[in-house]
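Understanding the architecture of this molecule
So you can see what is in the structure, the chains are spelled out below.
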Amino acid sequence: MRRLAHFNVMPLGLVFALGALCLSPAAAGPLPDAFTLGKCVPADSWMYVHAVTNPERAWLNARWHEIIAEFKKTGVDQDFIKLFMSLLGDSERAAAQATMDKVLTLIQGVNWSDLTDKEFVFAERPSGSMLGFDYIMIAKGKAGTGEANVAGLVSIMKEAATVSGATLNQSKVHEADVWEVTHEGLSKIGLSIALFRYQDTIGLLTGRKTLEEVVGMLTGKSQAKSLINAPRFQEALALVEAPADSIAFFDWKMFASSLRTMFENIAKKAATEKSEPGTANAKQPEGMKVITTLLDRADVFEYAISSVAMKGNREFCWNATRLQSGKESSPLAKAMLNRKAFEKFDQFIPAEATGFSLTGFVDLEVLYDMVLDFIAKVIPDGPGTVAQWN
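Reference entry: report on the structure contained in this document. (Residues numbered from 1 in each chain as written. Predicted model: local features only at pLDDT ≥ 70, side-chain atom pairs only at ≥ 80, totals over all residues. Heavy atoms only, no water.)

1. With respect to the overall build of the protein
Across its full length, the protein holds 13 helices and 12 strands. The buried share of the protein, reckoned over its 390 residues, is 37%. Counting contacts in the protein only where the partners sit at least 6 residues apart, residues at least 24 apart contribute 67% of the total. Surface summary for the protein: the accessible area is close to 22,700 Å², and the carbon and sulfur share equals 60%. (Helix = DSSP H or I, 4+ residues; strand = E, 2+ residues; numbered from the N terminus. Buried < 20%, exposed > 50% of the residue type's maximum accessible area, 1.4 Å probe, protein only. Contact = heavy atoms within 4.5 Å. Areas by Shrake-Rupley, 256 points an atom, 1.4 Å probe, with all protein chains shown as cover.)

Here's what the structure looks like:
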């Protein structure tokens with residue numbers, strides 16, 4: 001029997017950007033050829049998660065399929081449904097059964113395994129909607145399955161549109177088939193939702209600009225720049241080994257900046273609205289001050305990246321987080337950096353163990369002091385709260 005060993009090669013690498021010591025982006029190469037959908041992710045995305053099929057993982061996937069099959073044999077899911085139905089009256093039970101049958105039929109109209117057979121991408125970027133972000137999901141499926149799977153997804157969207165009072169409009173964008181949801185409520189907050197299909201690649205995303213850029217980069221019809229070619233991502237990629245299964249990138253600095261801009265816009269809008277003293281709106285500036293101060297204190301990281309590769313019966317994971325230059329002495333950074341070396345850790349690991357993971361965690365004392373200091377200096381009546389706590 002094969003044994004799976006897990007190696008967390010770099011539990012956490014904290015790399016400092018100190019002037020001339022900055023790593024050169026040129027040190028990183030492109031992502032492996034299997035990661036084809038990376039070219040579709042806009043350059044201003046602050047989150048990017050990309051998984052691909054790796055033949056080396058076949059043995060492990062087969063074991064998971066066996067586990068899921070055995071779980072289904074237990075009938076736990078059916079027992080839960082029976083319990084739920086027993087709580088309903090006759091008429092309610094009939095309506096619930098009809099709804100479940102319809103949902104099950106819609107779900108079974110999509111071959112979810114084929115849908116994500118080759119690749120899957122999830123990303124987020126700033127947007128002009130009231131939500132503040134656009135969401136991107138793209139899947140590259142098994143050859144020849146795109147048409148059937150998108151038909152199943154369109155059926156699901158049509159049913160959702162009918163229930164919510166929305167409409168589903170079909171069009172073409174850069175040679176891709178597109179289905180967009182139109183609803184008065186979505187329009188009021190500046191949000192749009194669209195499904196697209198280009199050959200065997202299918203995507204679901206929000207934002208009209210994002211739709212045009214993502215589909216444009218996928219079809220080669222757009223001059224928009226992708227994240228994977230951005231110097232900042234390339235710099236991060238140089239810190240880890242090349243992925244074979246997945247890559248995950250999180251731009252902390254961009255995310256914090258987007259949040260700060262979103263809350264500032266909310267504060268500006270609130271400031272233009274007259275409110276009586278003591279009302280909820282009157283307390284918004286105070287609340288915004290707390291939020292922006294919290295963001296400022298937490299804004300110490302540049303980015304984080306994680307790379308995973310399955311090789312034989314071993315899974316390797318490389319992680320790195322980079323701090324902003326000059327933030328090394330901030331409380332949050334100290335809590336992350338103030339770690340002691342492991343001492344005799346092996347005495348706690350059984351001899352028959354096939355893998356283990358170690359981490360120095362964080363300095364809880366520094367973290368505790370940081371929280372109390374924030375409460376005392378920023379939260380209304382903070383000093384009284386801290387005194388009562390102590």
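2. Some details on the pairing of strand β12 (residues 314-323)
With respect to burial, β12 is a largely interior element, 9 of its 10 residues being buried. With 10 bridges connecting them, strand β11 (residues 301-311) and β12 associate as antiparallel partners. Bridge pairing links K311 to R314 in β12. With antiparallel pairing between neighbouring strands as the criterion, β11 and β12 make up a hairpin whose turn holds 2 residues, including G312 at a positive phi of roughly 65°. (Pairing = 2+ DSSP bridges.)

3. Focus on the packing of aromatic side chains
Counting across every chain of the model gives 11 aromatic pairs. Look at W46 and F133: their rings are 5.2 Å apart centre to centre, the planes differ by 65°, and that puts the pair in the edge-to-face class. Taken together, the residues span a long stretch of sequence, with W46 in the loop between β2 (14-16) and β3 (47-52) and F133 in strand β5 (residues 133-140) at a distance of 87 residues. For the pair W46 and F255, a centre-to-centre distance of 4.3 Å together with 40° between the ring planes defines the contact as tilted. Here W46, found in the loop between β2 and β3, pairs with F255, found in helix α9 (residues 252-271); they are 209 residues apart in sequence, far enough to count as distant. In this structure an aromatic cluster arises from ring pairing among W46, F133, F250, W252, F255 and F301. Lying across the ring of F316, K311 places its NZ or CZ 5.5 Å from the centre. (Phe/Tyr/Trp six-rings, centres within 6.5 Å; stacked < 30°, edge-to-face > 60°. Lys NZ or Arg CZ within 6 Å of the ring centre and 35° of its normal.)

4. Focus: the packing of helix α12 (residues 364-378) against helix α13 (residues 382-389)
Angle between the axes and distance between the axes: these two values describe a pair of packed helices. At their nearest, the axes of α12 and α13 sit 7 Å apart, and the two run at 140° to each other. Between α12 and α13, the interaxial angle falls into the category oblique. Contacts between α12 and α13 involve Y368, L372, I375 and A376 on the former and, on the latter, G382, P383, T385, V386 and W389. Residue composition of the contact of α12 with α13, by class: 7 nonpolar, 2 polar and no charged. (Axes fitted to C-alpha atoms, helices over the stretch in contact; angles between N-to-C directions. Parallel < 35°, antiparallel > 145°, perpendicular 65-115°, else oblique. Nonpolar A, V, L, I, M, F, W, Y, C, P; charged D, E, K, R; others polar.)

5. Remarks on the nonpolar core
By size, the foremost hydrophobic cluster in this structure holds 37 residues, and its most contacted members are Y48, F196, F233 and I305. With 4 residues, the single largest contributor to this core is helix α7 (residues 208-219). Core analysis: the next-biggest nonpolar cluster, separate from the first, contains 15 residues, L115, A139, A166 and V181 among them. (Core = buried A, V, L, I, M, F, W, Y, C linked by side-chain atoms within 4.5 Å.)

6. A look at the environment of L227
Structurally, L227 is set in the loop between α7 and α8 (231-237). Residue L227 is classed as buried on the basis of its relative accessible area of 3%. Not counting residues up to four positions away in its chain, the partners in contact with L227 are V41, P42, A43, S45, Y48, F233 and F249.

7. Comments concerning the environment of T293
Here T293 shows up in helix α10 (residues 284-298). A C-alpha to C-alpha distance of 8.8 Å links T293 and F374, two positions 81 residues apart in sequence. Those residues in contact with T293 that lie beyond four places of it in its chain are F374 and V378.

8. Digging into the pairing of strand β8 (residues 193-198)
Moving residue by residue along a regular strand, the side chains alternate between the two faces of the sheet. Counted residue by residue, β8 has 5 buried out of 6 residues, so it is predominantly covered. Across 6 bridges, the pairing between β8 and strand β9 (residues 201-206) is antiparallel. When the sheet's bridge partners are listed, F196 is paired in β9 with G203. Following β8, the chain reverses through 2 residues before pairing antiparallel with β9; Q199 in that reversal takes a positive phi of roughly 60°.

None of this, on its own, says anything about what the molecule does.
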